[in-house]
Amino acid sequence: MIKIEKGNITNKVDELFNCSRCGSCLAVCPVYRKTLNESFSPRGKLSLIEALSKGVIEPTERLSDILYTCTLCNYCYVECPSGVLIKDLFEAVRLDLIGSKKYPKILDLLKEKISNGKNVTFDSNEGRLDWVKQLPGVNPEDLLKENAEVIYFVGCVSSFSPRAFSIPRSIIKLLKYAKADFGLLGEEEWCCGFPLLSAGMHGEAEEIADYNIKKIKQKGAKKIITSCPTCYHTWKHEYPKIASEKIDFKIMHVSEYLMALIDDGKLKPSPLDLTVTYHDPCDLGRNSGIYEIPREVIKSIPNIKLNEMEQNREQANCCGGGGNLESINEELAASIASDKVEEIEKTGADVVISACQQCERTIHTQLRKKKKELKKKVKTWDLTELLLKSIEAKGE
Amino acid sequence: MIADKKINKLKEIVGGDAVSTAVEDRIAYSYDSTRLEYLPDIIVKAKNAEQISNLFKFANENNIPITPRGSATGLSGGCLAVNGGILLVMVEMNKIFDINTVDLLVDAEAGVITEEIDKKARKFNLFYPPDPGSIKSSTIGGNIAENAGGLRGLKYGVTKDYVNSLEVVLPTGEIAQFGAKTVKGVTGYNLKDLMVGSEGTLGVITRATLNLLPLPQKRASLLALFDKLTDAAQTVVDIVSEGVITSTLEIIDNVTINAIEDYLDLGIDRNVGAMLLIEVDGQEGAVDIEAEIIKKVCNKNNTTSCKLAKSESERDSLWSARRAALSALARVKPSTILEDATIPRSKTVQLIKAINRIAEKYDIRIGTFGHAGDGNLHPTILTDLRIKEEAEKVEKVIEEIFKETVKLGGTLSGEHGIGISKAKYLQMEISPETFGIMKRVKKAFDPNNILNPGKMSFD
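Predicted model, so just to flag it, every value in this text is computed and none were measured.

1. A few points about the overall build of chain A
So, step 1. For chain A, the helix and strand inventory stands at 20 helices and eight strands.
So, step 2. Against the 2.2 N^0.38 benchmark of 21 Å for 396 residues, chain A shows a C-alpha radius of gyration of 21 Å, consistent with a compact globule.
So, step 3. Each principal axis of the C-alpha distribution contributes one length, and for chain A these read about 65 × 50 × 35 Å.
So, step 4. Buried residues in chain A amount to 62% of all 396 residues.
So, step 5. Counting only carbon and sulfur atoms, one obtains 48% of the accessible surface of chain A, whose full area is about 15800 Å².
So, step 6. Across chain A, the 57 positively charged side chains and the 57 negatively charged ones have centroids separated by 3 Å.

2. Brief notes about the interface of chain A and chain B
One frequently used descriptor of interface size is the decrease in accessible area upon assembly of the parts.
So, step 1. Opposite the 35 residues of chain A that make contact, chain B presents 30 residues.
So, step 2. Between chain A and chain B lies a buried interface of about 2500 Å² when both sides are counted; carbon and sulfur atoms form 50% of it.
So, step 3. Remark: the boundary between chain A and chain B carries five salt bridges.
So, step 4. The partner of arginine 62 of chain A in a salt bridge is aspartate 25 of chain B, with the nearest N and O atoms 2.8 Å apart.
So, step 5. Put simply, chain A and chain B have 17 residue pairs in polar contact (both at pLDDT 80 or more) between them.
So, step 6. Of all the elements in the fold, those that place two or more residues in the side of chain A that touches chain B are α2 (13-17), α4 (42-53) and α5 (61-68) of chain A.

3. Structural notes on the environment of alanine 391 of chain B
So, step 1. Residue placement: alanine 391 of chain B occurs in helix α13 (residues 388-407).
So, step 2. Expressed as a C-alpha distance, the spacing of alanine 391 of chain B and isoleucine 294 of chain B, which sit 97 residues apart in the sequence, is 42 Å.

4. Thoughts on the domain arrangement of chain A
All names here are of chain A.
So, step 1. Domains assigned within chain A are domain 1 (9-99), domain 2 (117-261) and domain 3 (268-392).
So, step 2. Relative to domain 2, the C-alpha centre of domain 1 lies at a distance of 32 Å.
So, step 3. Each partner contributes to the interface: domain 1 provides seven residues, whereas domain 2 provides eight residues.
So, step 4. When domain 1 packs against domain 2, the two sides together hide about 550 Å² of surface, and 57% of this comes from carbon and sulfur.

5. Considerations on the packing of aromatic side chains
So, step 1. Under the definition given, this model contains eight aromatic pairs over all chains.
So, step 2. Taking the centre distance of 3.6 Å and the plane angle of 15 degrees together, the rings of tryptophan 190 of chain A and tyrosine 211 of chain A count as stacked. Remark: tyrosine 211 of chain A occurs in helix α13 (residues 202-218) and tryptophan 190 of chain A occurs in the loop between β2 (182-183) and α12 (194-199); sequence separation between them is 21 residues.
So, step 3. Classification of tyrosine 211 of chain A by relative accessible area gives buried; the value is 17%.
So, step 4. Seen in terms of ring centroids, tyrosine 128 of chain B and tyrosine 162 of chain B are 6.0 Å apart; in terms of plane orientation they differ by 75 degrees. Their pairing is edge-to-face. Of the two residues, tyrosine 128 of chain B is situated in the loop between β7 (126-127) and α5 (140-146) and tyrosine 162 of chain B in the loop between α6 (153-156) and β8 (163-169); the sequence distance between them amounts to 34 residues.
So, step 5. Members of the aromatic cluster, joined through ring pairs, are Phe153, Trp235, Tyr239 and Phe249 of chain A.
So, step 6. Above the ring of phenylalanine 122 of chain A, the side-chain terminus of lysine 113 of chain A is found at 4.7 Å from the ring centroid.

6. So, the environment of valine 150 of chain A
Residues and elements named next belong to chain A.
So, step 1. Relative to the elements of secondary structure, valine 150 occurs in strand β1 (residues 150-153).
So, step 2. As for valine 150 and lysine 219, which are separated by 69 residues in sequence, their C-alpha atoms are 9.0 Å apart.
So, step 3. Discounting residues that sit within four places of it in the chain, valine 150 has contacts with Asp181, Phe182, Gly183, Lys223, Ile225 and Tyr257.

7. Some details on the layout of surface pockets
Residue and element names in this part refer to chain A.
So, step 1. The computed volume of the second largest pocket comes to approximately 1000 Å³.
So, step 2. Surrounding the second largest pocket, 43 residues form its lining, Val120, Val157, Gly321, Asn324 and Gln358 being those nearest its centre.
So, step 3. Elements with a minimum of two residues in the lining of the second largest pocket: α8 (106-117), α10 (156-160), α12, α14 (229-242), α17 (325-328) and α19 (357-369).
So, step 4. Take the lining of the second largest pocket: its biggest share by element is five residues, from α8.
So, step 5. Here the residues of the lining of the second largest pocket sort into 24 nonpolar, 14 polar and five charged.

8. Here's the deal with the confidence of the model for chain B
So, step 1. Confidence in the prediction for chain B averages 96 pLDDT; 100% of positions are at 70 or higher.
So, step 2. In the predicted assembly, ipTM is 0.96 and pTM is 0.96.

9. Comments concerning the domain arrangement of chain B
Residue and element names in this part refer to chain B.
So, step 1. Split into domains, chain B comes out as domain 1 (4-89), domain 2 (96-214) and domain 3 (218-407).
So, step 2. Taking only C-alpha atoms, the centre of domain 2 and the centre of domain 3 are 28 Å apart.
So, step 3. At the interface, seven residues of domain 2 touch 13 residues of domain 3.
So, step 4. Both sides of the domain 2 and domain 3 interface together cover about 840 Å² of buried area, and 57% of this is carbon and sulfur.
So, step 5. Contact with domain 3 buries surface across domain 2, with Leu151, Leu154 and Lys155 losing the most and accounting together for 78% of the total.
So, step 6. Linking domain 2 with domain 3 are one salt bridge, by the criterion used here.
So, step 7. Lysine 155 serves as the salt-bridge partner of aspartate 281, at 2.6 Å between the closest nitrogen and oxygen.
So, step 8. Applying the counting criterion to the domain 2 and domain 3 interface returns three residue pairs in polar contact (both at pLDDT 80 or more).
So, step 9. Of the residues in the side of domain 2 that touches domain 3, the class split is three nonpolar, two polar and two charged.

10. Considering the sheet that holds strand β17 (residues 365-371) of chain B
Residues and elements named next belong to chain B.
So, step 1. Strand order in this open sheet of seven strands is β15-β12-β14-β13-β17-β18-β16, and the pairing throughout is antiparallel. Of all strands in the sheet, those bounded by a partner on one side alone are β15 (303-308) and β16 (335-338). Taken over all neighbouring pairs, the strand axes of this sheet differ in orientation by 15 degrees on average, direction set aside.
So, step 2. Note: strand β12 (residues 218-226) against β15, five bridges, orientation antiparallel. Across the sheet, residue leucine 225 finds its bridge partner in β15, namely serine 305.

11. Observations regarding the sheet that holds β2 of chain A
Residues and elements named next belong to chain A.
So, step 1. If you trace the four strands from one edge of the open sheet to the other, you get β2-β1-β3-β4, paired in parallel fashion. Of all strands in the sheet, those with a lone pairing partner are β2 and β4 (250-253), marking the two edges.
So, step 2. Pairing analysis gives four bridges linking β1 to strand β3 (residues 223-226), with the strands arranged parallel. Note on β3: the bridge partner recorded for tyrosine 152 is isoleucine 225.

Rules of the game
Residues numbered from 1 in each chain as written. Chains lettered and ligands numbered in written order. Predicted model: local features only at pLDDT ≥ 70, side-chain atom pairs only at ≥ 80, totals over all residues. Heavy atoms only, no water. Helix = DSSP H or I, 4+ residues; strand = E, 2+ residues; numbered from the N terminus. Rg over C-alpha atoms; globule rule 2.2 N^0.38 Å. Buried < 20%, exposed > 50% of the residue type's maximum accessible area, 1.4 Å probe, protein only. Areas by Shrake-Rupley, 256 points an atom, 1.4 Å probe, with all protein chains shown as cover. Lys, Arg positive; Asp, Glu negative; His and termini not counted. Charge placed at Lys NZ, Arg CZ, Asp CG, Glu CD. Contact = heavy atoms within 4.5 Å. Buried area = accessible area lost by both parts, 1.4 Å probe. Salt bridge = Lys/Arg side-chain N within 4 Å of Asp/Glu carboxyl O. Polar contact = N/O pair within 3.5 Å; in protein donor to acceptor, adjacent residues only side chain to side chain. Domains from an automatic or database assignment. Phe/Tyr/Trp six-rings, centres within 6.5 Å; stacked < 30°, edge-to-face > 60°. Lys NZ or Arg CZ within 6 Å of the ring centre and 35° of its normal. 1 Å grid on protein atoms, 1.4 Å probe; cavity = no way out; pocket = protein on both sides within 12 Å on 5 of 7 lines; lining within 4 Å. Points joined across faces, edges and corners; volume = space filled by probe spheres on them. Nonpolar A, V, L, I, M, F, W, Y, C, P; charged D, E, K, R; others polar. pLDDT = per-residue confidence, 0-100. Pairing = 2+ DSSP bridges. Axes fitted to C-alpha atoms, helices over the stretch in contact; angles between N-to-C directions.

Written out as structure tokens, the structure reads:
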């Protein structure tokens, strides 16, 4: 006997009914545009969730396969004439699929990693500061000081993936240049919990949220900054919904904090003769509403030229790296990224700037794969790396 | 249900990956924009006309219905498999072959998204004028089958005016070519035009050659507000009488303006009786002269504000209300029923007034906006179809709107089609003689009633 859980979805039947099946979402959904399969479109998924809520179908492997094939980029919501909260519905049905034990088995591995190791990798959480080791003139111990005004919440990928190390390293250097009073949690930092939340595993995520909030409070911090837009989105929009601990400090994305430092004259960008384009990460843009600040940071650098992609801000296309899609269907994620790279190339930029380590990695991998087809070499930098280069250019 | 043996045969025709009987897929291919649902038995994705031809031979032998489907954005149920059977998915046939910049033609497969055609044409300084609301997601095959319209109807016409020639798979399995790649052509019956608007009941369009036009050099956009609906409607008539054929002439009524204000708070006076969004395009000097004439006509008809956009960003802001109209109405109630009653331009006021009267009589909210220049209005009924009494009321409201429309010399459907949602009203407008010949045409093309059965109350 299978236990069927559908409480989360039956609570949302009114929202489900708001979908008029007009198909506007087909034009923008990266998964539909690549698969041309209606079942995988936002409209198709909503019809399946509705059928599930009415008991017309039961949760099956195929259903879970369909419903998890999504980057959670939320472009469908922007395009939806009825304003259906599509992502909320996708997240609700995932809770039910977890409850019914019908979900992609790869998620068990993810849960195990986070529950046991407190991060998304197989590495021990003690390695959270390995990236600091090769940073000249920085003593990890100093970064773990007892009290700090600002805590930089580094996030799992930037802490453990050597490819991303340059992001936290750039941030440390920038904060030092600005003489900011900042610290890190080091091995006391736990994964923000988003991979569990988006998978529909709420219970575990709630515990994580409370733990992380407590740790920040212990440091007496007034602000936390994150470089990962997903950590930012989770802290800013998910924690208040799931945590019992109250948040009494400010949550900022690093781009906001750096812009404030530039405005205060604590960081003085020097000219860079470069043409760049900016990729809006879904969790920073559509899911958090931060579109202009990263662009302001770029424009604060004299001589730099920012060429926008044809689709930008609310209409920015996803890089394919969001919402666990890569672990569910790697090939599909790569093919979404491949389209993104074509858009980037059309801008004629020397460098594509992002503000997300995951987007940066997805785009970089595709750029490398398509090296031979591209007219010129395009580099991928994080916004913080770009700013550091400008600060260190010393006004040549 | 269809036996495994037959399903295996289908897999032989189109390939194993292109056939699905999974319940999840059948559900996701059961609806269109009407939100009606009919479960197909099998989903089949076609790659070329030969496969479709073989499918028809198989379907005729086994008496299994085939219903073709593009992106299912239709508003009359044209692509719903009402008798079950095979749902034929066309979206994978999506190649644009060629843009001929001398003869101004584009050759494309039926599953191409219409906007892609226009985008590609624009690279050559050409454009594809028909612009249905669904242009970003609907397919050209679906647009042709439904003879889709759009905002530019008055000046540029509708889909039928741009179909040059077609490749069609007939319900009996033959692959036929209709039309010639010429401007003129009178060889035999004009079967190409019979296919346009046949709602997928006479053949499956697999490939089309379409006419393109050179992009206009200049465009002027104006937004005019009126206290009285009658003044706005008179303006529509007068603009055309003054010899100006606008590329866009959209009307938005007071109910819709209020919905837009609730949604976006654009700062439009909620007491405005109606607004007109007007565009003219063409050669530089001509556009300026036409814009001046429009301003004068608006002033003569007591406009309270008439703005001419001076830049692209100003144009964008003038468009914001019209662009938001459907979204704003859709947010008012769970169900949004978008009708497309169409009358001669001179009868616009009478129809809007009749709609308002009906709305009052049944105590239901109806926002009306649409293409006033060509008399194609979109009375949009806001309701909750889950409530039985509401659904019954809506039936009566629609019937009354149709009666008024026909009385005013109009037509039930300007651009959405009959399909199943308007099937029972069809004979309100067309005579038994007309209906009779339509049925005989259907029978001649499709003797076994294999293709898209259950539509237009033919069965």
